[in-house]
Amino acid sequence: LKYLPQDDPHVVLFNEVGDKFGGNSLAMVALETEDVFNFNTLQRINEITQQFKLMSEISYVTSLTDVIDIKKIEDGLEVGKLIDEYDIPTDFDELQRIREYTLSKEMYRGNVVSEDGTVTVIIARLKEGIDKITVAQQMKQIVLQTSGNEKIYLGGIPFQMISLTEIIQKDMILLIPLVVILLVITLAVSFQTLRGVLLPIASVFISTIWALGIMAFFNIELTIASNAMPVLLLAIGSAYGIHMVTKYKEDILLGGNKLQAVKDALSEVGLPIFLAGITTMIGFLAFLTSNLTLIKQFGIFTGIGVLIAFIVSVTFLPALLSFMPPPKMKRNEKGQHDTAITRILDKLGAFVFKRKRLILIIGLIIFVAGLIALPNIHREVNMVDYFKKSSEIRQAEDMMEAKLGGSIPIQILTKGDLKEPAVLNSMMKLEKYLQTLPDVNSPQSIADLICEMNDVMNDRYSIPPTIEGVANLWFFIDGNEVLPQLINSDATEGLIQSKLGTVNTGKIIAVADMINEYMTQNMDTTLVQFELANMPVKELESLKPLRAQEIINCIRFDVQNYVPDFEINAQSEKLIEKYLAQDKYNYDESFYQQLENELSNYFGSDVADLIIDNPNHRKKIIAALIKNIYANADLTEDSLKDMLEKIVPSIYYQDDPELLEYTAQSITAIISNEKQWYRVNNLIVELSPLLPEDLLTNKNFTRKLIGDLWVINDNTFSAPSKIVNKFKRSGLESDPELIKMKTDQTGMPIIFKDLDQNIVTSQVLSLIFAIGLVLILLSFQFRSAVGGLISIMPIILTILFNFALMVFLNIPLDAVTVMIGSVAVGIGIDYTIHFNSRYRLEISRLENQLAALQKTLETTGKAILINALSVMMGFLALTLGSIVPMQRFGWMIALTMLTSALFALTFLPAVIMLSHAKFVLAFKQATKNMLLKNKKKK
């Protein structure tokens, strides 16, 4: 989150949701054993839960011993805890009963406990504005201090942050000395002198210490990107010292004294070193175009380190050389320092001279392959990808995915009156859609709890159609500690929460896009609610297809939750429309038998308005009612009251005549309820052949199906205005009620999407910026746009080769590997600059192209090769680190350095010689004119 601009709308909303609903960071502690429903495990869960609840930095804790449970009781329903934290059962049979009950409910199974009952999780929500690493460390200590045989997993971002911090610290301690050792070995083998080792090392030590010190001064924290900065500076900074020492040794070989050799070396390689330093800085400062904070910081402070390395190399190193005695070296017949590298480079020069066209063709093949590969690079921004698969945190996340639906939170903020049935229904439809998405698990909101209570109370998993019906259920959870996690204090804002069971960035972004697409097409800021009872028949007929479509959508989502590939056919929709249009029904004997049972239960219960305690009287009254209802199924309350006066003995109501009125109301409600059930049950029977086989045996599905179909009985209907407007032409002219609501997606998937988009933007802009500025700089240096273009060709080939390799090896573009391109420009262009500078000088002295090329390779080429090898060895050390993207970064930069050096030593001279580049010839002519002028003066 810190990587993104803090004024980014998604960041602002994410932080706003965190402030309002107790925080966005979820720390998860999972316990694994053969069966979590045993006394010792539950006791340990409870101990951890209670200690977490005592921590002021934690807003809420959810676990098996502290999760809401909605049960049916004799007088209605009870909202309590799944397991009594003060009385954890020890009896095996009771524990088995709790196990069966818990695993039968979708609100628990796959959410707080795995489907097989072997894993359970404690979820703690951390408040905003706290030191999450410190709190997570305290939580870890609490967990480890509890006793038990369960295997412990620590998941979620707070625990990931602990691991990442520890890894960065360990890697710094391991890698910096290792880089120094590898650098020393490379320099020792290359130069075979003490000064060839000590001088480059001295310059990079100074620049690295200064750059880190400046970071500390400005209180800039190390990140996964800046963690590589010391290694980078150790590897890069040595280049300037290598070129300085190499040229000094070359001048000493010509027989000059050491002071003159220092002056000549500085005058000849000072400009190329300066240009190399500037272009390297450009490569890193190109990261300022990124919106990602960690990449900006990395670019700024690495650029500062490069500047310091340049300054040290052209001041401190020449000063040290002036105090040292000149080196003693063996010369070959050409007067060169005879080494294996010199002999190899002579042969390389001859090969390039003879095989110019072949080298050019190979370069073109790499160019085309890189362009083809570009669109196929995949991206990763998930923090879990930073860890090795063998690490504890990665194992925890893999287990969370496999057993508990993952740990990445999806959140959708809903604004509106959350006690309004239309708003709750809209939330519930969105949740049903979420359940159909790949890897999305356990959606939950206040709408769920209302549906759950309605199912327990009235046997239908749906939102009551009236505000009064919602209020009656809301009463049972009012004040419950679960509510602040789901709604604000005045119930005008609420969260739909879910979990994502994948760490694959492509899948995460696809889910975020599908959610946004659904909300754009199917939700609106305005809901249109129709009072169906007051609408003319013609308008009801016009509205019927829309009502049927909304019901079918809900059924489709519920079916696809269990059978993902199943599609509801058009016959199902026609069947729904038939039932929506049907007012009269021929009720069969089963209807009257069920009604008789319900009336018998009513008159015999203690809560009846009119209690008929005499069984014979009760039987006669019910028989008379059934007979009259059979004759006239549409009895009104008044006609029922008149009927009751005739068939109920006066002794039951003479003291309170109003009892008959209340009883008539209750009987009307019972009859209406039975009619509604009759319609829904008959519809289910007709619909079942059109649904997946055996799905109706799934109790969780059937209760949802009943809830979906129950709306055929409602007297109100609501839908988003944009959907209703499509039906206006069909004759809808009633003046409906307008209900305001708004939904916004937040949570980690949308943040990951922002990161992904910024990574792509960073890659494109930083490369354009780096290559563009380097091109301009080199064009000015060579006084030729063609010269600048030819000079950047090796680095473009290097970058395209890098992209082709990423596609071939399936390496993702992430917050670390995104920096490879610009780093390659910044460092790799140095080789081109040094080669061009020396080649132009040699071609002006020598008429023969081969001789000029070999002389360039024997001198500057040697320095380039030594530099590339030292940088490569430095970066290879990163492969021994523990952060996966940094390992990739290490070996890929190492390979990039090698390829950029090879392209500079082969492809570049091949292009120059084949093109007869004018910027080289112009320099040659200018040099001749200057020598002629100097001769005339003498």
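In this report, we go over the structure that sits alongside the text. (Residues numbered from 1 in each chain as written. Predicted model: local features only at pLDDT ≥ 70, side-chain atom pairs only at ≥ 80, totals over all residues. Heavy atoms only, no water.)

**Topic: the overall build of the protein chain**
Logical step 1: Helix and strand counts for the protein chain stand at 32 helices and 12 strands.
Logical step 2: A buried classification covers 57% of the 938 residues belonging to the protein chain.
Logical step 3: Put simply, of all contacts in the protein chain between residues at least 6 apart along the chain, 79% involve residues at least 24 apart.
Logical step 4: When the accessible area of the protein chain is evaluated, it comes to approximately 40,200 Å², of which 57% is carbon and sulfur surface.
Logical step 5: One way to put it: in the protein chain the 85 positive side-chain charges average out to a point 21 Å from where the 102 negative ones average out. (Helix = DSSP H or I, 4+ residues; strand = E, 2+ residues; numbered from the N terminus. Buried < 20%, exposed > 50% of the residue type's maximum accessible area, 1.4 Å probe, protein only. Contact = heavy atoms within 4.5 Å. Areas by Shrake-Rupley, 256 points an atom, 1.4 Å probe, with all protein chains shown as cover. Lys, Arg positive; Asp, Glu negative; His and termini not counted. Charge placed at Lys NZ, Arg CZ, Asp CG, Glu CD.)

**Describing the pattern of salt bridges**
Logical step 1: Applying the stated criterion across every chain, the model contains 26 salt bridges.
Logical step 2: Across the pair Arg 394 and Asp 398 runs a salt bridge, and its minimum N-O distance is 3.8 Å. Highlighted residues: Arg 394 and Asp 398, both in helix H12 (residues 392-404), separated by four residues, approximately one helical turn.
Logical step 3: A relative accessible area of 10% places Arg 394 in the buried class.
Logical step 4: Linked by salt bridges that have partners in common, Lys 53, Asp 66, Lys 81, Glu 85 and Glu 481 make up one network. (Salt bridge = Lys/Arg side-chain N within 4 Å of Asp/Glu carboxyl O.)

**Concerning the nonpolar core**
Logical step 1: Core analysis: the biggest nonpolar cluster contains 216 residues, and Phe 52, Leu 64, Met 139, Ile 446, Val 823 and Phe 889 have the highest contact counts within it.
Logical step 2: For this core, the leading source of residues is helix H7 (residues 229-253), giving 13 residues.
Logical step 3: Once you skip the residues sitting within four places of it in the chain, Leu 64 turns out to touch Val 36, Phe 37, Leu 42, Ile 45, Leu 82, Ile 83, Thr 102, Val 112, Val 113 and Thr 120.
Logical step 4: Residues Ala 608, Leu 640, Tyr 678 and Leu 695 belong to the second largest nonpolar core, which totals 54 residues. (Core = buried A, V, L, I, M, F, W, Y, C linked by side-chain atoms within 4.5 Å.)

**Some details on empty space enclosed by the protein**
Logical step 1: With the rule as written, the count across this model stands at four cavities of 30 Å³ or more.
Logical step 2: A volume near 390 Å³ is recorded for the largest cavity.
Logical step 3: Along the wall of the largest cavity there are 23 residues; nearest its centre are Asn 425, Lys 429, Asp 708, Val 711 and Asp 714.
Logical step 4: Listing elements by their share of the lining of the largest cavity, those giving two or more residues are helix H13 (421-436), helix H18 (537-562), helix H24 (699-710) and strand S11 (716-720).
Logical step 5: Here the lining of the largest cavity is composed, by residue class, of 11 nonpolar, six polar and six charged. (1 Å grid on protein atoms, 1.4 Å probe; cavity = no way out; pocket = protein on both sides within 12 Å on 5 of 7 lines; lining within 4 Å. Points joined across faces, edges and corners; volume = space filled by probe spheres on them. Nonpolar A, V, L, I, M, F, W, Y, C, P; charged D, E, K, R; others polar.)

**Comments concerning the environment of Thr 798**
Logical step 1: Its location among the elements puts Thr 798 in helix H27 (residues 785-808).
Logical step 2: Put simply, Thr 798 and Gly 363 are 435 residues apart on the chain and 9.7 Å apart in space, counted from C-alpha to C-alpha.
Logical step 3: Discounting residues that sit within four places of it in the chain, Thr 798 has contacts with Thr 896, Thr 899, Ser 900 and Phe 903.

**Looking at the sheet that holds strand S5 (residues 119-126)**
Logical step 1: Judged by pairing direction, the sheet is antiparallel, and its four strands sit side by side in the order S2-S5-S1-S6 without closing on themselves. Two strands close off the open sheet at either side, each with one partner strand: strand S2 (58-62) and strand S6 (151-155). The sheet shows a mean angle of 15 degrees between the axes of neighbouring strands, direction not considered.
Logical step 2: Sheet topology places strand S1 (residues 25-32) next to S5; eight bridges connect them, and they run antiparallel. Pairing of Val 29 across the sheet is with Ile 122, part of S5. (Pairing = 2+ DSSP bridges. Axes fitted to C-alpha atoms, helices over the stretch in contact; angles between N-to-C directions.)

**Details of the packing of aromatic side chains**
Aromatic ring pairs: the centre-centre distance and the angle between the two ring planes describe each pair.
Logical step 1: With the rule as written, the count across this model stands at 14 aromatic pairs.
Logical step 2: Centre to centre, the rings of Phe 217 and Phe 218 are 5.3 Å apart; their planes meet at 90 degrees, and the pair counts as edge-to-face.
Logical step 3: Measuring from centroid to centroid gives 4.3 Å for Tyr 433 and Tyr 518, while their planes differ by 10 degrees, and the two rings are stacked. Of this pair, Tyr 433 sits in helix H13 while Tyr 518 sits in helix H17 (residues 505-522); the two residues are 85 residues apart in sequence, bridging distant segments of the chain. The same class applies to Tyr 433 and to Tyr 518, which are both buried. (Phe/Tyr/Trp six-rings, centres within 6.5 Å; stacked < 30°, edge-to-face > 60°.)

**Regarding the environment of Thr 906**
Logical step 1: Position of Thr 906 among the secondary structure elements: in the loop between helix H30 (884-905) and helix H31 (907-915).
Logical step 2: Considered as a pair, Thr 906 and Val 456 are 450 residues apart in the sequence and their alpha carbons are 78 Å apart.
Logical step 3: Filtering out sequence-adjacent residues up to four positions away, Thr 906 remains in contact with Leu 348, Val 352 and Ile 359.
Logical step 4: Within the local environment of Thr 906, its side chain forms a polar contact with the backbone oxygen of Leu 902, the two atoms lying 2.4 Å apart. (Polar contact = N/O pair within 3.5 Å; in protein donor to acceptor, adjacent residues only side chain to side chain.)

**Description of the packing of H27 against H30**
Logical step 1: Their axes nearest at 9 Å, the elements H27 and H30 cross at an angle of 140 degrees. As H27 packs across H30, the resulting crossing turns out to be right-handed. Of the residues in H30, those in contact with Pro 794, Ile 795, Leu 797, Thr 798, Phe 801, Asn 802, Leu 805 and Met 806 of H27 are Trp 891, Met 892, Leu 895, Thr 896, Thr 899, Ser 900, Phe 903 and Ala 904.
Logical step 2: Split by residue class, the contact of H27 with H30 holds 11 nonpolar, five polar and no charged. (Left-handed = near helix turned anticlockwise from the far one by under 90°.)

**Section: a negative patch on the surface**
Logical step 1: A cluster of like negative charges, contributed by Glu 637, Asp 638, Asp 642, Glu 645, Asp 655, Asp 656, Glu 658 and Glu 661, occupies part of the molecular surface.
Logical step 2: Secondary structure elements with two or more residues in the negative patch: helix H22 (637-647) and helix H23 (658-687).
Logical step 3: By residue number, the principal contributor to the negative patch is H22, which donates four residues.
Logical step 4: Positionally, Asp 638 belongs in helix H22.
Logical step 5: Look at Asp 638 and you get exposed, because its relative accessible area is 57%. (Patch = residues over 30% accessible without salt bridge, like charges linked within 9 Å, V, L, I, M, F, W, Y side chains within 5 Å.)

**A look at the sheet that holds strand S8 (residues 440-444)**
Logical step 1: Strand order across the open sheet formed by six strands is S8-S9-S7-S12-S10-S11, with antiparallel pairing between neighbours. With partners counted over all chains shown, the strands left at the sheet margins are S8 and S11, one partner each. Across this sheet, the average inter-strand angle for adjacent strands is 25 degrees, counted without regard to direction.
Logical step 2: Of the strand pairs in this sheet, strand S10 (residues 526-531) and S11 are connected by five bridges, and their pairing is antiparallel. Bridging from a neighbouring strand, Phe 530 pairs with Phe 717 of S11.

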